[in-house]
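Inside the fold
Spelled out, the chains give:
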Amino acid sequence: MTQNNATSTTNIKTRFLICSDTHGIDSLPGFIPSAKQHADVVIHCGDLTTQSQLHEYKASIRLLQAINAPLKLVIAGNHDFTMDIPMFHRKVAEAQSVERELVEQTYGYDGEARRLFEDTGITFLDEGVHYFNLQNGALLTVYASPYTPSLGDWGFQYHPDEGHDFMIGNGSGSNPVDVVMTHGPPKGIMDYTDSGERAGSPDLFRALARAQPRPRMHCFGHIHEGWGAKLVAWRERTTAMPSHLTDIYHGQSFPIAKLSDMKDGAGKSLSEEGMPLKYFATSHCSGDAHPLNWGSQTLFVNAAIEGTPQGMDYQKENLSMQLPWVVDLELRSCPRGAEETSEWEKI
């Protein structure tokens, strides 16, 4: 722990376990449930399913319940279209020849997929800013959004020409956003597709660049081939129309890991700490080689797992499966009286 003189609060080391795009699998690579706590906060950045079917949501719930952590945060992704009720209605209307009973048996009725998460110990986040009082004594402010730009007809998507307003700067007063969790990446950061095109959102990048202070961490998935992490340094002045070309200090930014590193067989296991789990790790706390300078740096994490179909043994079938991330960061401690403030959810 270190003392932050600007706020007169103690910084508390907090461990995040981050994954995305599990697509209906019910376990993580090399994972064996353990009685020992795996992390302070688990983050899942969407695409819990492949076809938004009820059995896929149930598999994702089993995956998350097996992880020992006091707070588990989840958002939807474009594949989770039954969570996007207007889009779900549109798809059902387009499939008029399919009996309603069959649709409900496979996909559920309005809101059923969302209700599966009730009383599971998993917190499903809608778009917006959320506040948490963590069990380790830290405060956590999260901005969440499932929206991605697309010309397709999946869930939580907006037309690139129309844009989307990511309200990251809406952390109230003395409670700015610590962590951003979105389904897709911002444009210019770990968003290259196999075709060599950038698929990230320019609206999301602009919102991040304009946030004051900039978030400590932004985690996402969606672009499976963009898996990795990067510590980004921001330029001191924000341009009128921020972009990755003008607002990042590239000379002081550096990658933590990229997909080729994982394919080379790298990665670590938490088994030495009694927590059997394959993962990639990075730590940016006081005393580390690269402590995060909140406001002038943001750690970006693309944690796309790229799950295999349920019931298939990815090792036996020689299929690639990307690893989750374990990230250690420092958060502000809970000031006296904050536990009695209604905006904070005590975890």
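Attention in this report is confined to the structure presented alongside it. (Residues numbered from 1 in each chain as written. Predicted model: local features only at pLDDT ≥ 70, side-chain atom pairs only at ≥ 80, totals over all residues. Heavy atoms only, no water.)

Topic: unusual backbone geometry
Leaving glycine out, the prevailing phi sign among residues is negative, and the prevailing peptide bond configuration is trans. Inclusion rule: We count a stretch as a helix when DSSP gives it H or I for four or more residues in a row; a strand needs E for two or more, and each element gets its number in order from the N terminus. Type-normalised accessible area, obtained with a 1.4 Å probe on protein chains alone, sets the label of each residue: buried when under 20%, exposed when over 50%, and partly exposed for intermediate values.
Here the residue pair Gln212 and Pro213 is connected by a cis peptide bond, since its omega of -10° sits within 30 degrees of zero. Take Pro213: it is sitting in the loop between α5 (202-210) and β11 (217-220). Positioned with a positive phi, Ser52 is a non-glycine residue whose angle comes to about 60°. Inspection of the secondary structure puts Ser52 in the loop between β3 (41-44) and α1 (54-65). The backbone of Asp119 sits at a positive phi, close to 60°, despite the residue not being glycine. Classification of Asp119 by relative accessible area gives exposed; the value is 83%.

With respect to the side chain of His164
Counted only if it meets this: In the analysis that follows, any N or O atom pair within 3.5 Å is treated as a polar contact, provided that within protein one partner can donate a hydrogen and the other can accept it, and provided that, for residues neighboring in sequence, both atoms belong to side chains. The contact criterion used throughout is that any non-hydrogen atoms of two residues lie within 4.5 Å.
Residue position: His164 is located in the loop between β9 (157-158) and β10 (179-182). A distance of 2.7 Å separates polar atoms of two side chains, one belonging to His164 and the other to Glu127. Excluding its chain neighbours within four sequence positions, the residues that come into contact with His164 are Glu127, Ser145, Tyr147, Tyr158 and Asp203.

Some remarks on the pattern of salt bridges
In plain terms, the rule: Each reported salt bridge corresponds to a side-chain nitrogen of Lys or Arg within 4 Å of a carboxyl oxygen of Asp or Glu.
Using the criterion set out here, one finds nine salt bridges in the structure. A salt bridge links Arg114 to Asp126; the nearest nitrogen and oxygen atoms lie 2.9 Å apart. Of this pair, Arg114 sits in helix α4 (residues 112-115) while Asp126 is found in the loop between β5 (123-124) and β6 (128-133), placing the two residues 12 residues apart along the sequence. Between Asp178 and Arg332 there is a salt bridge whose closest N-O contact spans 2.8 Å. With Asp178 in the loop between β9 and β10 and Arg332 in strand β17 (residues 325-332), this residue pair connects regions lying 154 residues apart in the sequence. By relative accessible area, which is 0% here, Asp178 ends up buried.

Things to note about the environment of Val74
For Val74, the position within the fold is in strand β4 (residues 71-74). For Val74, a relative accessible area of 0% puts it in the buried group. In this structure the C-alpha to C-alpha distance between Val74 and Cys19, which are 55 residues apart in sequence, comes to 9.8 Å. If near-sequence neighbours (up to four positions away) are discounted, Val74 is found in contact with His44, Leu48, Leu64, Ile122, Thr123, Phe124, Leu125 and Met181.

Section: the packing of aromatic side chains
This is how it is decided: Stacked, edge-to-face and tilted are the three classes for Phe, Tyr and Trp ring pairs, Trp counted by its six-membered ring, which pair at centre distances within 6.5 Å; planes under 30 degrees apart are stacked, over 60 edge-to-face, the rest tilted.
One pass over the structure, following the stated rule, counts 11 aromatic pairs. A centroid spacing of 6.3 Å and a plane angle of 55° characterise the contact between Trp234 and Phe300, whose relative ring orientation is tilted. Here the residue Trp234 occupies a position in the loop between β12 (228-233) and β13 (254-258), and Phe300 occupies one in strand β16 (residues 297-302), the gap between them amounting to 66 residues. Given a relative accessible area of 0%, Phe300 falls into the buried group.

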